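Summary of structural features
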There are 2 protein chains.
Amino acid sequence: MTYNNMLNIAIMGFGTVGSGIVRVVSDSYSLIKRRLGDDINIKRILDLRDFPDSPYSNRITHDFNEILNDESISVIAETMGGIGAAYKFTKALLESGKCVVSSNKELVAAHGAELLELARAHGARYLFEGSVGGGIPLIRPMTESLAHDDITEITAILNGTTNFILTEMAHSGASFADALAEAQKLGYAEADPTADVDGYDSCRKICILAAVAFGALLPFPEVKCTGIRSVTPADIAAAAERNRAVKLIARAKRLPDGKIEAEVAPFEVEMTNPLYAVEGVYNGVLLHGTMTGDVMFYGRGAGSLPTASAVVSDIVDCGCKIGNQPPQTFWSDGSGLYARPDTASVEGLGNRLF
Amino acid sequence: MTYNNMLNIAIMGFGTVGSGIVRVVSDSYSLIKRRLGDDINIKRILDLRDFPDSPYSNRITHDFNEILNDESISVIAETMGGIGAAYKFTKALLESGKCVVSSNKELVAAHGAELLELARAHGARYLFEGSVGGGIPLIRPMTESLAHDDITEITAILNGTTNFILTEMAHSGASFADALAEAQKLGYAEADPTADVDGYDSCRKICILAAVAFGALLPFPEVKCTGIRSVTPADIAAAAERNRAVKLIARAKRLPDGKIEAEVAPFEVEMTNPLYAVEGVYNGVLLHGTMTGDVMFYGRGAGSLPTASAVVSDIVDCGCKIGNQPPQTFWSDGSGLYARPDTASVEGLGNRLF
């Protein structure tokens with residue numbers, strides 16, 4: 001098989017995920033070419049730093065315009081994180097008709113509706129499989145395989161750090177502080193663990209999944225969000241006596257009036273719920289579809305190669321479909337649609353701890 | 001939004017899945033139109049019977065040529081089952097350049113390699129998401145989201161009937177015969193349960209998944225296949241004492257020499273394996289990808305609406321991509337590639353019962 005066309009891509013941000021993309025493209029080069037039907041080339045890597053020892057050192061640029069103005073580059077992976085520069089660059093790229101694929105959950109949760117609309121208006125695509133659930137196929141199955149189903153509810157474990165801490169507490173009886181220290185030692189938690197343990201990471205991710213399912217992006221600061229700092233070994237032991245496990249659950253549900261109930265909170269999860277068995281750094285996402293019933297997706301929710309792998313699947317998707325693809329998902333601004341959950345327990349899941 | 005084009009489809013076989021397709025297309029009409037960007041119309045339904053009381057009675061035909069020769073029909077759902085007529089009709093449709101989507105695991109497992117090649121040669125598509133795992137998105141995530149990953153191993157519960165029987169035996173201590181009778185009473189098992197309880201259904205499905213992952217279709221009669229007829233309550237109790245659960249496991253693994261190890265057998269599954277918690281009529285498919293790590297897909301593996309939902313996702317996929325799509329999967333004839341498993345246990349899974 002010969003390849004006549006070259007898909008030139010760029011990466012913005014040569015950190016954990018960005019360097020993972022280089023590795024995935026290199027290791028899976030022939031599989032990617034076969035799927036694309038074209039050759040693939042990483043033409044530019046944008047970073048503030050130099051990488052003199054990298055085999056890709058000659059692709060490094062500090063100038064965003066070298067990517068924006070290069071007409072041969074059609075797909076850009078944004079793995080910078082944060083909102084400031086990533087937001088500005090993504091807008092400029094979409095406005096110029098280039099496709100952007102992202103692992104940046106902060107940006108997608110804050111400005112996804114606007115960026116999707118910008119992509120649509122300029123015949124470009126904005127994909128973000130890598131922003132939720134690491135390497136687990138989630139957003140593409142929701143927007144393609146289940147596109148015609150009516151997803152009514154999402155119940156999920158979306159943060160591997162907190163799930164590791166809660167699993168460690170359950171297995172060893174450790175305190176939250178000791179389990180957090182263990183997670184930090186193993187590289188599963190950051191020095192400043194706030195975004196994970198206070199639930200903000202899970203909250204951004206459930207807002208993204210709810211937007212994919214329900215078509216409206218909730219303003220995530222409105223969403224009720226409780227973390228796991230106050231969970232004690234006694235809470236976990238009491239749950240275990242009732243055959244339940246304490247999990248940080250992120251959930252969203254479309255209500256009959258069109259509002260969207262959503263929250264992040266530690267729950268005592270019943271043994272009969274498939275999320276009960278999701279342990280350690282793993283993530284699990286349980287969807288309820290009117291036609292399909294309950295479906296769960298499970299896997300590693302973080303890590304360089306799994307997340308990079310998800311970003312590469314979006315790159316390949318863009319490469320296959322440049323030209324005449326309908327937008328994969330439609331989001332309105334969900335301001336005013338938020339409904340605060342007001343029941344003590346959730347059927348089929350369990351009760352909130354706090 | 002207005003729709004200029006009409007996607008005309010036909011259904012062959014108006015049984016459980018075929019009638020489910022009519023219901024899904026009707027109930028999800030607006031979602032399907034939005035995803036397609038086109039309108040959709042079920043123009044013909046092929047069946048030997050008449051359905052005078054169906055609102056679709058005027059679409060029923062007994063003549064396959066009314067579908068084959070209708071140039072306005074571009075996608076056909078084959079939900080007839082079996083090999084004879086389904087094989088002949090599918091070949092004729094693909095040769096005429098029409099897309100065929102199928103829930104027929106017998107046909108895909110027997111002739112999938114030939115039919116995919118026929119589709120490729122005639123610029124058509126042959127999709128079969130509904131042939132494995134009911135409504136669980138499986139084949140599309142494997143061929144799109146994970147296309148660039150190197151899937152090395154598949155371990156799965158692919159038959160809801162046998163999983164229900166084994167779960168029932170574990171929970172109530174019932175014998176195999178009593179649990180089978182219960183499954184038949186509830187409509188989970190057929191009057192002749194051979195294909196399910198002797199493992200043939202699981203065996204066809206693991207051959208299909210292995211072909212998607214490894215690119216070669218094993219001749220399924222060669223694959224070692226043991227069912228659950230000989231499993232006793234004592235076997236299950238002994239496993240439970242070791243914190244294990246007896247499951248009918250279908251597995252396939254690519255070996256370093258390029259051969260494919262595959263089998264269907266009852267295993268004592270370790271508690272740490274995510275398949276341990278898959279109970280009742282549910283299916284679970286655990287994939288290991290070099291980049292992605294372990295990923296599991298879980299849901300109802302059968303039923304009219306879930307399976308029809310998977311078939312409709314293939315119809316929509318064909319409708320979106322008619323024109324210039326690379327083949328989604330490449331299969332060679334896997335004759336001579338089969339490796340019989342020769343170890344007493346499988347790492348991370350458990351040991352075989354027989």
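This section reports on the structure supplied with the text. (Residues numbered from 1 in each chain as written. Chains lettered and ligands numbered in written order. Predicted model: local features only at pLDDT ≥ 70, side-chain atom pairs only at ≥ 80, totals over all residues. Heavy atoms only, no water.)

Counting its regular elements, chain A contains 12 helices and 17 strands. The C-alpha extent of chain A, read off along each of the three principal axes, is 65 × 45 × 40 Å. Every one of the 354 residues in chain A was classed for burial, and the buried ones make up 60%. A total of about 13200 Å² of accessible surface is found on chain A, and carbon and sulfur atoms cover 48% of it. (Helix = DSSP H or I, 4+ residues; strand = E, 2+ residues; numbered from the N terminus. Buried < 20%, exposed > 50% of the residue type's maximum accessible area, 1.4 Å probe, protein only. Areas by Shrake-Rupley, 256 points an atom, 1.4 Å probe, with all protein chains shown as cover.)

Turning next to the interface of chain A and chain B. Of the residues lining the interface, 44 residues belong to chain A; the matching set on chain B comes to 44 residues. Approximately 3900 Å² of surface area, both sides summed, lies buried where chain A meets chain B, with 60% of it carried by carbon and sulfur atoms. Broken down residue by residue, the surface that chain A buries against chain B is led by Arg-35, His-148 and Met-291 of chain A, which jointly contribute 21%. Counting across the interface, chain A meets chain B through two salt bridges. Run the count over chain A and chain B and you get 10 residue pairs in polar contact (both at pLDDT 80 or more). Sorting the residues of the side of chain A that touches chain B by element identifies helix H1 (16-27), helix H2 (29-36), helix H6 (139-145), strand S13 (293-300) and helix H12 (304-321) of chain A as the ones contributing at least two each. Examining the composition of the side of chain A that touches chain B, we find that seven residues originate from one element, S13 of chain A, more than from any other. Residue composition of the side of chain A that touches chain B, grouped by class: 22 nonpolar, 11 polar and 11 charged. Bridge count between S13 of chain A and strand S13 (residues 293-300) of chain B: five bridges; the pairing is antiparallel. Across the sheet, the residue bridging to Phe-297 of chain A is Phe-297 of chain B, located in S13 of chain B. (Contact = heavy atoms within 4.5 Å. Buried area = accessible area lost by both parts, 1.4 Å probe. Salt bridge = Lys/Arg side-chain N within 4 Å of Asp/Glu carboxyl O. Polar contact = N/O pair within 3.5 Å; in protein donor to acceptor, adjacent residues only side chain to side chain. Nonpolar A, V, L, I, M, F, W, Y, C, P; charged D, E, K, R; others polar. Pairing = 2+ DSSP bridges.)

We now examine the packing of helix H7 (residues 160-172) of chain B against helix H8 (residues 176-185) of chain B. All names here are of chain B. H8 packs onto H7 with a crossing angle of 125 degrees between their chain directions and a minimal axis gap of 9 Å. Taken together, the axis directions place H7 and H8 in an arrangement best described as oblique. When you trace H7 past H8, the crossing you get is right-handed. In this structure, H7 uses Phe-164, Ile-165, Glu-168 and Met-169 to contact H8, whose residues at the interface are Phe-176, Ala-179, Leu-180, Glu-182 and Ala-183. Of the residues assigned to the contact of H7 with H8, the class counts are seven nonpolar, no polar and two charged. (Axes fitted to C-alpha atoms, helices over the stretch in contact; angles between N-to-C directions. Parallel < 35°, antiparallel > 145°, perpendicular 65-115°, else oblique. Left-handed = near helix turned anticlockwise from the far one by under 90°.)

Another aspect to go through is the pattern of salt bridges. By the definition in use, this model includes 48 salt bridges over all chains. With a closest N to O distance of 3.0 Å, Asp-27 of chain A and Arg-23 of chain A form a salt bridge. Here Arg-23 of chain A and Asp-27 of chain A lie together in helix H1, a separation of four residues that amounts to about one turn. Residue Asp-27 of chain A is classed as partly exposed on the basis of its relative accessible area, which comes to 46%. One salt bridge connects Glu-270 of chain B with Arg-244 of chain B, and the closest N-O pair in it is separated by 3.5 Å. With Glu-270 of chain B in strand S11 (residues 260-270) and Arg-244 of chain B in strand S10 (residues 244-254), the pair connects residues that are 26 residues apart, well separated along the chain. Linked by salt bridges that have partners in common, Glu-153, Lys-224, Arg-251, Glu-261, Glu-263 and Arg-352 of chain A make up one network.

Of the transformation placing chain A onto chain B, the axial shift is 0.0 Å and the rotation is 180 degrees, giving an RMSD of 0.0 Å. Here the transformation between the copies is reduced to the relation of a two-fold axis. Among all residues of chain A, the one whose C-alpha sits closest to the rotation axis is Phe-297 of chain A, at a distance of 2.4 Å. The residues that chain A uses at the interface reappear at the interface of chain B in 100% of cases, marking a shared surface. (Least-squares fit on C-alpha atoms with pLDDT ≥ 70 in both.)

Looking now at the sheet that holds strand S6 (residues 126-127) of chain A. All names here are of chain A. Strand order in this open sheet of six strands is S3-S2-S1-S4-S5-S6, and the pairing throughout is parallel. Of all the strands in the sheet, just strand S3 (60-61) and S6 have a single pairing partner and so form its edges. As paired strands, strand S4 (residues 73-78) and strand S5 (residues 99-102) are joined by four bridges and run parallel to one another. From the neighbouring strand, Val-75 faces S5, where its bridge partner is Cys-99.

Our next topic: the nonpolar core. Core analysis: the largest hydrophobic core is formed by 178 residues, its most contacted members being Tyr-126 and Trp-331 of chain A together with Tyr-126 and Trp-331 of chain B. If sequence neighbours within four positions are ignored, Tyr-126 of chain B has contacts with Thr-90, Leu-94, Val-100, Ser-102, Leu-107, Val-108, Leu-115, Leu-116, Ala-119 and Gln-328 of chain B. Listed in part, the 31 residues of the second largest apolar core include Leu-127, Leu-305, Ala-308 and Val-312 of chain B. (Core = buried A, V, L, I, M, F, W, Y, C linked by side-chain atoms within 4.5 Å.)

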